[in-house]
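# Remarks on the overall topology
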Amino acid sequence: MLIDSHCHLDYPQLAADREGVLRRARAAGVGRMVNIATRSTDFDAVRVTAEQIDDVFCTVGVHPHHAHEEGENFSTEDLIKLAAHPKTVGIGETGLDFYYDKAPRDIQEESFRRHIRAAQATKLPLIIHSREAEEDTIRVLKSEGPSTGVMHCFSSRRILAEQALEIGFYISLSGILTFKKSQELRDIARDVPLDRLLVETDSPYLAPQPFRGKPCEPSYVVHTAQVLAEIKGVSPEEIGRQTTENFFRLFTKVKPLAPAGV
Ligand SMILES: [Zn+2]
Ligand SMILES: [Zn+2]
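Quick summary incoming for the structure in this document. These numbers come from a predicted model, not from an experiment.

## Some points on the coordination of the zinc ion (ligand 2)
Only His6 (NE2), His8 (NE2), Glu93 (OE) and Asp202 (OD) from the protein reach the zinc ion (ligand 2) as donors, at distances of 2.1 to 2.5 Å. Around the zinc ion (ligand 2) sit four donor atoms, and with donor-metal-donor angles ranging over 85 to 174° the site reads as irregular. Between the zinc ion (ligand 2) and the zinc ion (ligand 1) the interatomic distance amounts to 3.5 Å, and Glu93 serves as a bridging ligand to the pair. Of the two residues, His6 is situated in strand S1 (residues 2–7) and Glu93 in strand S4 (residues 88–97); the sequence distance between them amounts to 87 residues. Exposure class is identical for His6 and Glu93. Each is buried.

## Considering the coordination of the zinc ion (ligand 1)
The protein atoms that coordinate the zinc ion (ligand 1) are Glu93 (OE), His129 (ND1) and His152 (NE2), at distances of 2.1 to 2.2 Å. If you list the donors of the zinc ion (ligand 1) from N- to C-terminus, the spacing comes out as E-x35-H-x22-H. Assessed through its relative accessible area of 13%, His129 is described here as buried.

## Digging into the packing of helix H9 (residues 183–191) against helix H10 (residues 221–232)
The geometry of a pair of packed helices is captured by two quantities: the angle between their axes and the separation between those axes. For the pair H9 and H10, interaxial distance at closest approach is 9 Å and the crossing angle is 65°. As judged from the angle between their axes, H9 and H10 are roughly perpendicular. The two elements H9 and H10 meet at a crossing, and its hand is right-handed. Across the interface between the two elements, Arg186, Ala189, Arg190 and Asp191 of H9 pack against Val227, Leu228, Ile231 and Lys232 of H10. Looking at the contact of H9 with H10, its residues break down into four nonpolar, no polar and four charged.

Here is what the cut-offs are and how they apply
Residues numbered from 1 in each chain as written. Chains lettered and ligands numbered in written order. Predicted model: local features only at pLDDT ≥ 70, side-chain atom pairs only at ≥ 80, totals over all residues. Heavy atoms only, no water. Donors = N, O, S within 2.8 Å, 3.2 Å for Na, K, Ca; no water. Tetrahedral: all angles 85-135°; square planar, octahedral: opposite > 155°, others 65-115°. Helix = DSSP H or I, 4+ residues; strand = E, 2+ residues; numbered from the N terminus. Buried < 20%, exposed > 50% of the residue type's maximum accessible area, 1.4 Å probe, protein only. Axes fitted to C-alpha atoms, helices over the stretch in contact; angles between N-to-C directions. Parallel < 35°, antiparallel > 145°, perpendicular 65-115°, else oblique. Left-handed = near helix turned anticlockwise from the far one by under 90°. Contact = heavy atoms within 4.5 Å. Nonpolar A, V, L, I, M, F, W, Y, C, P; charged D, E, K, R; others polar.

If you want it as structure tokens, here you go:
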């Protein structure tokens, strides 16, 4: 079994053929999918999708790209309340994106801090989006005190992987791992202990090779796992077993039952 720890099933590219997307994911051995929230206005749809589909879970949070549009729509208290839903299994995605800089950096940071506090209160994992913001991501996390979670779609410099591992976080790899230009990322992945890795698609974005440039979907997580297996010198089955075990250790609200709907 593989788990797609980060996808956006309600984005139009995937919602248009939901049945097909789910069928292909299950046929590829994807046993769980986490449907990630990115704004307060979309959360109801994200949650309803998780309510309707046994093997889909969801998160609650505001993407750093939208931090300035949201104001304080999602206060720490709001996040805590919404996280009580049985299918809401994580807080995010949140974090800092200084590459696109869509929201002012201080507003991204304030939003990030609200999410960290909600994760601490609920003991749920944070789903962190960090781009060109290695030092600040760690600075903010450390200043708020202990929390746990995952550096999703990891594509940062080595320093963030090292520091994240040090404070107990996991590293999640997406299709970027399979891109030709991603040698530095593959070198980092080789050095991350196998018991701290997750895999994801971040679909509909970032389709792995050989589908690069096409809309991505959860079934493609297989290709990222395949490349990770080559990097680690283990079988794809071992990657599936280990990343699944890691996922259940981190996402404690998701119970390791038999795959649904296969
Ligand atoms: Zn992201
Ligand atoms: Zn995402």
